[in-house]
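Given next are the chains, with one letter for each unit.
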Amino acid sequence: MSTPDLQRLLTAPILPTLLRLAAPNVLAMVMTVLVGIAETYYVGRLGTTPLAAMALVFPFAMLTQMMSAGAMGGGVSAAISRALGASDLVRAHSLVQHALLIGLGVGLLYSTIFLLWGPDFYALLGGRGAVQLQAVQYGQVLFAGAVLVWLLNTLASIVRGTGNMRAPSLALVATAGLQIVLGGALSLGAGPVPGLGMVGVALGHILATAAGVLYFLWYLIRNQGRLTLHLQGFALQRSLFADILRVGAVACLSPVQSVLAILIFTGLLAQLGTEALAGYGIGQRLEFLLIPIAFGIGVAAVPMVGMAMGAGQVARARRVAWVAAGVSALNLGVIGAVVTLAPDLWARLFTQDETVLAYARQYLVTAGPAFPFFGLGLTLYFASQGAGQVIGPVLAGTVRLVLVAGVGWWLAQNQGTADHFYGLVAWAMLLYGLVTAAAVAFTPWGPRQPRTTG
């Protein structure tokens, strides 16, 4: 990374710089949202049972994205940005190789877990009969490509760690566009291409992701960016693995906690019937799509915070974190207000079944006002990765999970209605945002000394 580029990230006004870095990320995340809308639309065309089946698989699919891009990916970006902030280019180049090995290894493990035990997970969530069968068929194909998702997001995180948001964002936009086209053609059929149902959606996802991985490998090997992937002369260094994993591995606990909270709700609402589960799936889809929007802001904060910490500018790093959190809370607050006042704008995209719509409306009106707190907490979680201080935000996620599990169990034992469960969703988001903010406020980040390679 050139000295003028680095100096701009370390000295330029925070809000304009953050918005400039976030803009391409937000564009990429908007495409991610469109992928979610398109895929849910395709599945909705297939009927209520496929929608319910998708609700069983979707949390695990989003967990793949959240862990590879937001958690471990944040650890990758943070380690690289701290090395660049300390002007240690040798370390930064070595981190590229180590990051790719981590992405490949963890991705293979993730694929293996869900190919072997995915059907058991769907059954635990209450999947029965045709719903469970379609969930298994969809999940087996989808998670066969989980390793590609890990590689794609690891490679994108490497480039983001240099402060270059434009290249990875444009590549992800192209990948998402290809996924929308392939998913629609393969699931519903197009011309001579037969409709494969839910399996077609999964195949479109795999093919588009593979294309993205090939592009990023070409980009890094051909020295198109600020760092280069060297395939020769690679020496494993424990300290470099540790630099990534001490943030990324701990950060992975946060998306696991978030998905566990969703899974608890999914399992409890499955007991209320297929219509209740399908309606919640529509609302749940929006909740998960809030994550990419907050990600667009949060991931821009990671290199700004990381480089500031690497250069010893702790006060600036903290200011970046709070500015990013405020922008994210504002964005999600607008979305929450819209779906609270006009829930059908979202719900009717996926179904016309009045019973399912009633449940979806109920969720959106109840949970919508809490969306800004969710954005506040999630963006502070990303910013904390840049500082290498993720324990506080992870503990905030633990508080949220305990609340969901404890109160959810009590409601299940006392004939709680869907409205009660949706209220619990809102209170859990509120608590998560406030506890994360408190954790960041009271956790000392402290000066970080430049580290040498080794």
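Bear in mind that the values here come from a model prediction, so they are computed numbers and not experimental data.

Nonpolar side chains in soluble globular proteins tend to be buried together. Counting residues in each nonpolar core, the largest one holds 153 residues, and the members touching the most others are Phe143 and Trp445. Looking at this core, the element that brings in the most residues is helix H3 (residues 48–85), giving 23 residues. Tryptophan 445 has contacts with Val305, Met309, Val314, Ala317, Arg318, Ala321, Ala383, Ser384, Ala387, Gln389 and Val440, leaving out every residue within four places of it along the chain.

Here we take up the packing of helix H10 (residues 253–270) against helix H16 (residues 391–413). Packing of H10 against H16 leaves a shortest axis separation of 9 Å and a crossing angle of 10 degrees. Here H16 runs roughly parallel to H10, going by the angle between their axes. Between H10 and H16, the residues in contact are Leu253, Ser254, Gln257, Ser258, Leu260, Ala261, Ile264, Phe265 and Leu268 and Val394, Gly397, Thr398, Arg400, Leu401, Val404, Ala405, Gly408 and Ala412, respectively.

Once that is clear, we can look at the confidence of the model for the chain. Chain-level statistics for the chain give a pLDDT mean of 87 and a share of 96% at 70 or above. Predicted confidence is poor over residues 448–454, with pLDDT under 50, and the contacts of this stretch with residues over four places away or in other chains come to 21 contacts.

Moving on to the pattern of salt bridges. Going through the model one piece at a time under the given rule, you end up with seven salt bridges. Here aspartate 243 makes a salt bridge to arginine 82, at a shortest N to O gap of 3.3 Å. Note that aspartate 243 is positioned in helix H9 (residues 238–251) and arginine 82 in helix H3, a separation of 161 residues in sequence. With a relative accessible area of 4%, arginine 82 lands in the buried category. A salt bridge links arginine 348 to aspartate 344, with the nearest nitrogen and oxygen atoms 3.1 Å apart.

It is worth spelling out the environment of alanine 235 at this point. As for its placement among the helices and strands, alanine 235 is situated in the loop between helix H8 (198–221) and H9. Alanine 235 sits in the partly exposed class, given a relative accessible area of 45%.

Here we come to the environment of leucine 89. As for its position among the elements, leucine 89 is in helix H4 (residues 89–124). Sequence separation of leucine 89 and arginine 226 is 137 residues, and the distance between their C-alpha atoms is 9.9 Å.

Turning next to the packing of aromatic side chains. By the definition in use, this model includes 16 aromatic pairs. Aromatic pair tyrosine 215 and phenylalanine 216: ring centres 5.7 Å apart, planes at 65 degrees, arrangement edge-to-face. Measuring from ring centre to ring centre gives 5.4 Å for tyrosine 363 and tyrosine 422, while their planes differ by 90 degrees; the resulting arrangement is edge-to-face. Of this pair, tyrosine 363 sits in helix H14 (residues 354–367) while tyrosine 422 sits in helix H17 (residues 418–442), placing them 59 residues apart in sequence. Ring pairs connect the aromatic residues Phe60, Tyr110, Phe114, Phe121, Tyr122, Phe143 and Trp150, which therefore count as one cluster. Over the ring of tryptophan 445 we find arginine 318; its NZ or CZ atom is 4.8 Å from the centre of that ring.

Cut-offs used in this document
- Residues numbered from 1 in each chain as written.
- Predicted model: local features only at pLDDT ≥ 70, side-chain atom pairs only at ≥ 80, totals over all residues.
- Heavy atoms only, no water.
- Core = buried A, V, L, I, M, F, W, Y, C linked by side-chain atoms within 4.5 Å.
- Buried < 20%, exposed > 50% of the residue type's maximum accessible area, 1.4 Å probe, protein only.
- Helix = DSSP H or I, 4+ residues; strand = E, 2+ residues; numbered from the N terminus.
- Contact = heavy atoms within 4.5 Å.
- Axes fitted to C-alpha atoms, helices over the stretch in contact; angles between N-to-C directions.
- Parallel < 35°, antiparallel > 145°, perpendicular 65-115°, else oblique.
- pLDDT = per-residue confidence, 0-100.
- Salt bridge = Lys/Arg side-chain N within 4 Å of Asp/Glu carboxyl O.
- Phe/Tyr/Trp six-rings, centres within 6.5 Å; stacked < 30°, edge-to-face > 60°.
- Lys NZ or Arg CZ within 6 Å of the ring centre and 35° of its normal.

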